[in-house]
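Here is what each chain is made of, one letter per residue.
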Amino acid sequence: MAKSLVVVESPAKAKTIKKYLGNDFEVKASVGHVIDLPPHRMGVDLESGEFTAEYVPIVGKGKVIKELEKASKKASVVYLAPDPDREGEAIAYHIAQVIKNKSNGEVPKIYRVRFHEITKKAIQKAFETPTEIDMNLYDAQQARRILDRVVGYQISPILWKKVKRGLSAGRVQSVALRLVADKEREIAKFKTEEYWTIEAIADAHKNLVFPVKLLKIDGKKATLTNEKEASSAQQEIKQAKSKITEVQKKQRQRRPKAPFITSKLQQDAARAFRFTAKRTMALAQSLYEGVELGAEGAVGLITYMRTDSTTVSKDAVFEVRGFITKNFGKNYLPEKPNFFKNKKSAQEAHEAIRPTATKYTPKFVKPFLKPEQYKLYSLIFNRFVASQMATAKYEQTQIDIESGRHTLRATGAIMRFDGFLKVYNEQVDEDDKAALDEAKQEHVHLPDVEKGDEIELKKVNANQHFTQPPPKFNEASLVKELEEKGIGRPSTYASILSTIQDKGYVEKSENRFSPSELGLIVTDLLKESFPDIMDVAFTAEMEEKLDKIEEGKNNLKDTLQNFYAPFKKAVLHAQESMRDIKRMEEPTDLLCEKCGSGMIVKWGKNGSFLGCSNYPTCSNTSPFKRVDGKVVIEKVDKNVDVDCQKCGAKMALKQGKYGRFLGCSRYPDCTFTMPLPTGIKCPKEGCTGDVVQKRGRQGKTFYGCSKYPDCEFVSWNMPVNKKCPMCENPYIVVKTTKSGKTFTCPACKAVVEE
């Protein structure tokens, strides 16, 4: 009897599913898409207005296609089981077409099966109730694919001509780049202002002192802008008698958060573990497709990880409520299950990301998981369990103290019942000051005092501060911004962040994104020539139109036609009017130090630079920077006291694609180069090398040994030649954040004083 053929995307998924289906099924993996638009031409009919797409086998997939064709001829039924989303539907549709086109006789019955978790129950249910391919879902994927192809293939050649060959533009990625570029310019425009605060230690003589902070002067918000004002307030507070004027006690509750959706998982993993969105999704994929659990074999540990729905199945809620009662007690279980409202665009049919079974606790599966898998699984498991637990209860106390015409305030909180916090506390973004302040309050205990009690203020200090510019995006905050602005969808966030780095438009240092010079130039050019494409609201609206195609409310062809008509005009205009950066020659009032001719700003393959206007007679160049809009020569020490290891000549400081480096001063006669030294000796025992600053392909700065590959020392943070006082590790590292520099030991994680 002929076996039924099941086709999934990955070998890992195939192995897990095979365990549940038995010997009557043959399970094959397509390893992703098998056909796609041609790699080196448009592949979309734009002239007729039909937007018919031409599909060809993906290079390297010939063997897979032949295996699927051969297996389908032997099968009486074919079940297409790629992931339950737009991409999965496209894979299923294309595999069905391959099977139909290559069948010489009777075409086997072809069904689509969808499941959101790889468990025995979910698999069996899916195969008992197979469906047809959802053409609305497929059309939504096609619309996105065609839109992205049209934008990329028509704008990119213009950038090659005007800026640099090899550049690319993406419909969604370009808007993400704009967010990073706009943030950079917002930071550059920021004007720092001085301000002062007054803080003191209050003693109510009840065996408990507590911190207070100046809140009001003469009943109005305290605003101290200079040292004179702060010193005056400080002295008045010191000299005045102080008493409590108000005590407020409130009962507060904190509800648990919903189980993870894709974007929230990426954000919390970035905050907790510094995982990139791409890394998080790869780890989640492995947990979803199946992990070998000893005698149990391959088990899918989590539900499908691309989702924007907080919905949870009734069976899963029933199971986790039992788990909570058994492990934490009835007082941790709310009377009714917790319900979480989905956002408007969420697909209700999907579930949130959760463990497939509570019996697979993090402790149980830890021996079978890689360290990073364990971290992410623990995060998902604990968040899900906490989502169905009781609220946490606090007693918040606020004390106001009158000291002359000044009012100082203390706020603290005492936890009365930890509730869901026993299991999980949502990660707080390091840039979220309000959340950080609230978290601090929960560790401040205040004494039992009453209105009218006299109080003593000690250590009254005036502290100088300066307003800080908005922080650069980090991995978590950029994903959050994309989600809030409606740019992309859960399945695309990781690829968006990876793409803008891979293309050299954005660099990542100290876990913060900054636009490269190339990124800023491309952003400006696209904003000038393609305002709609670079408009956040326009891009978000297009995402909604794609959602409506999926829902059957919009037509694919109409959506593409409405987009393409104005876009075509913009392309034709840009071909003629876009600024030609390659030929850019911006005059300056600077003179060449070699021949006295004027220096001009030019564009080269590694960015802009100052060059002599008398080129090629004079080839003098220099790096530059802009100060208040004016071009000035950037002072760098070109005479570096390092000898060339190849010819013995002095090395010179140079600028390249991945930043500054040392190159031989005899170039081009000698082409020796080396990374920029930091002046720190390699901390690895027995190594005589130096720590040098390096840059990866994605623009991320790191530090390694100059003796590589003989010495493989590497660090994301700059090492300091200082022994850790706690564990005597031979070096510590310095980490720079918005709040300043922190010195920590990479071995024992201790914070070390500078």
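Above this note sits the structure.
Residue positions are given per chain, counting from 1 as you read along its sequence in written order. Residues qualify for local features only when their pLDDT is at least 70, as the model is predicted, and side-chain atom pairs are given and counted only at 80 or more; totals for whole chains, interfaces and linings, by contrast, use all residues. The basis for the side-chain values is all heavy atoms of the structure; hydrogens and waters are excluded.

J.: Explain the packing of helix 8 (residues 262–273) against helix 9 (residues 277–289) here, please?
T.: Lines are fitted to the C-alpha atoms to define the axes, a helix being fitted only along its stretch in contact, and any angle between axes, read from their N-to-C directions, falls within 0 to 180 degrees. For the purposes of this entry, the term helix denotes a DSSP run of H or I that reaches at least four residues, the term strand denotes a run of E that reaches at least two, and both are numbered from the N terminus. The N-to-C vectors of helix 8 and helix 9 enclose an angle of 115°; their axes lie 9 Å apart at closest approach. In this view, helix 8 runs roughly perpendicular relative to helix 9, as classed from their interaxial angle. The two elements helix 8 and helix 9 cross, and the hand of that crossing is right-handed. Each of T262, L265, Q266 and A269 in helix 8 lies in contact with helix 9, whose residues at this interface are A277, T280, M281 and A284. Residue polarity is assigned by list, with Asp, Glu, Lys and Arg as charged and Ala, Val, Leu, Ile, Met, Phe, Trp, Tyr, Cys and Pro as nonpolar; anything else, Gly included, falls into the polar class. For the contact of helix 8 with helix 9, the residue count by class is 5 nonpolar, 3 polar and no charged. Oblique is the label for every angle not falling under 35 degrees (roughly parallel), over 145 degrees (roughly antiparallel), or within 65 to 115 degrees (roughly perpendicular). Each crossing gets its hand from how the near helix is turned against the far one by less than a right angle, where anticlockwise is left-handed and clockwise is right-handed. Contacts: residue pairs with any heavy atoms within 4.5 Å of one another.

J.: For this particular structure, what's the right way to read the sheet that holds strand 6 (residues 109–112)?
T.: Paired through backbone hydrogen bonds, the strands of a sheet run either parallel or antiparallel to each other. In short, DSSP must find at least two bridges between two strands for them to pair. Spatial ordering of the open sheet is given by 2-1-5-6, a layout of 4 strands whose pairing is parallel. Of all strands in the sheet, those with a lone pairing partner are strand 2 (25–29) and strand 6, marking the two edges. Direction aside, neighbouring strands of the sheet carry axes that sit 20° apart on average. As paired elements, strand 5 (residues 77–80) and strand 6 share 4 bridges and run parallel to each other. Considered in strand 6, the bridge of V78 is made with I110. In the packing of helix 2 (residues 62–74) onto the sheet, contacts are made with strand 1 (4–8), strand 2 and strand 5, and the angle to strand 2 comes to roughly 165°.

J.: Honestly, the packing of helix 9 against helix 15 (residues 493–502) in this entry has me stumped. Any pointers?
T.: Any two packed helices are characterised by how steeply their axes cross, that is the angle between the axes, and by the distance between the axes. Look at helix 9 against helix 15: their axes get within 8 Å of each other, and the N-to-C directions meet at 140°. By the criterion of interaxial angle, the relationship of helix 9 to helix 15 is oblique. In terms of crossing hand, the pair formed by helix 9 and helix 15 is left-handed. Packed against helix 9, whose contacting residues are A277, K278 and M281, the element helix 15 presents A494, L497 and S498 at the interface. Here the contact of helix 9 with helix 15 is composed, by residue class, of 4 nonpolar, 1 polar and 1 charged.

J.: Would you take a moment to explain helix 15 for this structure?
T.: Each α-helix turn comprises 3.6 residues. Residues three or four places apart therefore point the same way. In this scheme, a residue with accessible area under 20% of its type's maximum is buried, one over 50% is exposed, and one in between is partly exposed, where area comes from a 1.4 Å probe on protein chains only. Within helix 15, 7 of the 10 residues are buried, which leaves the element mostly enclosed by the surrounding structure. Taken together, the buried positions of helix 15 are occupied by Y493, A494, I496, L497, S498, I500 and Q501. Against the buried residues of helix 15 lie helix 6 (173–189), helix 8, helix 9, helix 14 (475–485), strand 16 (506–509) and strand 17 (512–515).

J.: Please clarify how helix 12 (residues 371–387) should be interpreted in this entry.
T.: The span one expects for a helix is its residue count, reduced by one, times 1.5 Å. Over its 17 residues, helix 12 runs 24 Å from end to end, which matches the ideal 24 Å to within 8%, given 1.5 Å per residue. With 12 of 17 residues buried, helix 12 lies mostly within the body of the structure. For helix 12, the elements touching its buried residues are helix 8, helix 9, strand 11 (291–292), helix 10 (314–328) and helix 11 (362–365).

J.: What am I meant to see in the nonpolar core here?
T.: The tendency in soluble globular proteins is for nonpolar side chains to be buried as a group. Each nonpolar core is a collection of buried residues, namely Ala, Val, Leu, Ile, Met, Phe, Trp, Tyr and Cys, held together in the definition by side-chain atoms within 4.5 Å. In this structure, F115, L159, L301, I302, F530 and F567 are the most contacted members of the largest nonpolar core, which totals 122 residues. The element that contributes the greatest number of residues to this core is helix 5 (residues 135–162), accounting for 9 residues. In contact with F115, not counting residues within four places along its chain, are K13, I17, A81, P84, A122, I123, A126, F127 and Y288. Core analysis: the next-biggest nonpolar cluster, separate from the first, contains 23 residues, V212, A230, I237 and I455 among them.

J.: Help me understand the pattern of salt bridges, please; the structure alone is not making it clear to me.
T.: Pairs may arise between side chains of opposite charge once their charged atoms sit close together. A pairing counts as a salt bridge when a side-chain nitrogen of Lys or Arg comes within 4 Å of a carboxyl oxygen of Asp or Glu. On inspection of all chains with the given rule, the structure shows 45 salt bridges. Close ionic contact of K249 with D448 constitutes a salt bridge, the shortest N to O distance being 3.5 Å. One end of the pair, K249, is in strand 10 (residues 242–254); the other, D448, is in the loop between helix 13 (433–441) and strand 15 (454–466), with 199 residues separating them in the sequence. When its relative accessible area of 56% is taken as the criterion, D448 is described as exposed. Between R271 and D268 there is a salt bridge, and its shortest N-O distance comes to 3.3 Å.

J.: Is there a simple way to explain the packing of aromatic side chains in this structure?
T.: Each aromatic ring pair is specified by the distance between its two centres and by the angle formed by the two planes. Two rings belonging to Phe, Tyr or Trp (six-membered ring only in the last case) form a pair when the distance between their centres is within 6.5 Å. Interplanar angles under 30 degrees mark stacking, angles over 60 mark edge-to-face geometry, and anything in between is tilted. Throughout the structure, instances matching the rule amount to 21 aromatic pairs. Measuring from ring centre to ring centre gives 5.9 Å for F530 and F567, while their planes differ by 35°; the resulting arrangement is tilted. On the criterion of sequence distance, the pair formed by F530 in the loop between helix 16 (517–529) and helix 17 (536–550) and F567 in helix 18 (residues 556–577) is long-range, its members being 37 residues apart. For F567, a relative accessible area of 4% puts it in the buried group. One aromatic cluster is present, built from ring pairs that chain together F51, F530, F538, F563, Y564 and F567. Sitting over the ring of F473, K183 keeps its end group 4.8 Å from the ring centre. Only Lys NZ and Arg CZ are tested; either one counts as a charge over a ring when it is within 6 Å of the ring centre and within 35 degrees of the ring normal.

J.: For this particular structure, what's the right way to read the state of the cysteines?
T.: Each disulfide is one covalent bond, formed between the sulfur atoms of two cysteines. The term disulfide is used for any two cysteine sulfur atoms that are within 2.5 Å. Under the definition given, this model contains 0 disulfides. As a non-bridged cysteine, C592 has C618 as the owner of its nearest cysteine sulfur, 3.7 Å distant. On the basis of relative accessible area, C592 is assigned to the buried category, the value being 5%. With no disulfide of its own, C705 has C687 as its nearest cysteine by sulfur position, at a separation of 3.5 Å.

J.: Which parts of the structure should I look at to understand unusual backbone geometry?
T.: Keep in mind that most residues, glycine aside, have a negative phi and that most peptide bonds are trans. The peptide bond linking Y615 to P616 adopts the cis configuration, its omega dihedral lying at 10°. Here P616 lies in the loop between strand 20 (607–612) and strand 21 (621–622). Backbone torsion omega between Y708 and P709 reads 10°, so that peptide bond is classified as cis. Summarising the element assignment, P709 is placed in the loop between strand 29 (701–705) and strand 30 (714–715). In the Ramachandran plot, V31 falls in the positive-phi region, its phi being about 55° despite a non-glycine side chain. Here V31 is to be found in the loop between strand 2 and strand 3 (35–36).

J.: So what exactly am I meant to see when it comes to the environment of E372 here?
T.: You can see E372 is positioned in helix 12. We classify E372 as partly exposed; its relative accessible area is 28%. When the C-alpha positions of E372 and Y424 are compared, they lie 18 Å apart, and in sequence the two are 52 residues distant. Apart from residues no more than four positions distant in its own chain, E372 is found in contact with F275, R279 and L283. Polar contact criterion, stated in full: a pair of N or O atoms within 3.5 Å, where within protein one must be able to donate a hydrogen and the other to accept it, and residues adjacent in sequence count only if both atoms are side-chain atoms. Here the side chain of E372 touches R279 through a polar contact of 2.7 Å, side chain to side chain.

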